[in-house]
Amino acid sequence: MADFMTTTQRSRAMSAVRGIETEIERTVRSHLHRKGFRFRKNVEDLPGRPDIVLPKHRCVIFVHGCFWHHHKECKRSKLPTTRRAFWSKKIGDNVKRDQRQTNNLRKEGWRVLTVWECELRDPKNQTRAVEKLIVKLTNGSN
């Protein structure tokens, strides 16, 4: 399927994609805060600048977009049909970087959890997804 946007429109749309303070990040933080968890956000001195850092639990949380971080079980991670080589390399590099950063954080003694965008898209699933995250936080599992 060909792209329905012009190159200029696509460029504008892609440049509007936010890297921090996304709606799903705010959702996760809001749920955690209501449950009594205190955290720091976007900590620059940790590998990968994690979205949420819970120092008391020695845990970091990455809130990943399914497309940009290639969530294997999600239909949103499908590569575009145009410029396939470009997107394959770009997304592949993101996945490699994510793995490297996760490894570095674990070497430093941090637990690393990931929340995927698709888990939080539907408001009905948000509470369940965050409750599952909280169980992992309090049980000390990855």
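Above this text is the structure in question.
Criteria and cut-off values
Residues numbered from 1 in each chain as written. Predicted model: local features only at pLDDT ≥ 70, side-chain atom pairs only at ≥ 80, totals over all residues. Heavy atoms only, no water. Disulfide = S-S within 2.5 Å. Phe/Tyr/Trp six-rings, centres within 6.5 Å; stacked < 30°, edge-to-face > 60°. Buried < 20%, exposed > 50% of the residue type's maximum accessible area, 1.4 Å probe, protein only. Lys NZ or Arg CZ within 6 Å of the ring centre and 35° of its normal. Helix = DSSP H or I, 4+ residues; strand = E, 2+ residues; numbered from the N terminus. Pairing = 2+ DSSP bridges. Right-handed = clockwise from strand over helix to strand, strands pointing away. Contact = heavy atoms within 4.5 Å. Axes fitted to C-alpha atoms, helices over the stretch in contact; angles between N-to-C directions. Salt bridge = Lys/Arg side-chain N within 4 Å of Asp/Glu carboxyl O.

**Re the state of the cysteines**
Here's step 1: Enumeration over the complete set of coordinates arrives at zero disulfides.
Here's step 2: For the unlinked cysteine C66, the closest cysteine sulfur is that of C118, found at 3.6 Å.

**What to know about the packing of aromatic side chains**
Here's step 1: According to the stated counting rule, one finds four aromatic pairs in the structure shown.
Here's step 2: Measuring from ring centre to ring centre gives 5.0 Å for F86 and W87, while their planes differ by 80°; the resulting arrangement is edge-to-face.
Here's step 3: Residue F86 is classed as partly exposed on the basis of its relative accessible area, which comes to 37%.
Here's step 4: The exposure class assigned to W87 is buried, which follows from its relative accessible area of 10%.
Here's step 5: Taken together, F67, W68, F86 and W87 form an aromatic cluster joined through their ring pairs.
Here's step 6: Residue placement shows R83 over the ring face of F86; its charged tip is 4.2 Å from the ring centre.

**A word on the pairing of strand β4 (residues 111–116)**
Here's step 1: Counting buried positions along β4 gives five out of six residues, so the element sits mostly inside the fold.
Here's step 2: As paired elements, strand β3 (residues 59–64) and β4 share six bridges and run parallel to each other. Counted as the bridge partner of V63 is V115 from β4.
Here's step 3: A crossover links β3 with its parallel partner β4, the connecting element being helix α3 (residues 84–107), and its sense is right-handed.

**Observations concerning the sheet that holds β3**
Here's step 1: Spatial ordering of the open sheet is given by β1-β2-β3-β4, a layout of four strands whose pairing is mixed. Of all the strands in the sheet, just β1 (40–41) and β4 have a single pairing partner and so form its edges.
Here's step 2: In this sheet, β3 lies alongside strand β2 (residues 52–54) in antiparallel orientation, the contact comprising three bridges. If you follow V53 over to β3, its bridge partner there is V60.
Here's step 3: Across the face of the sheet, helix α5 (residues 123–139) comes into contact with β2, β3 and β4 while running at roughly 175° to β4.

**Observations concerning the pattern of salt bridges**
Here's step 1: Under the criterion given, the structure shown has five salt bridges.
Here's step 2: Notably, a salt bridge pairs E117 with R121, separated by 2.5 Å at the nearest N-O pair.
Here's step 3: The shortest N-O distance in the salt bridge between K132 and E119 comes to 3.9 Å. Of this pair, K132 sits in helix α5 while E119 sits in helix α4 (residues 117–120), placing them 13 residues apart in sequence.

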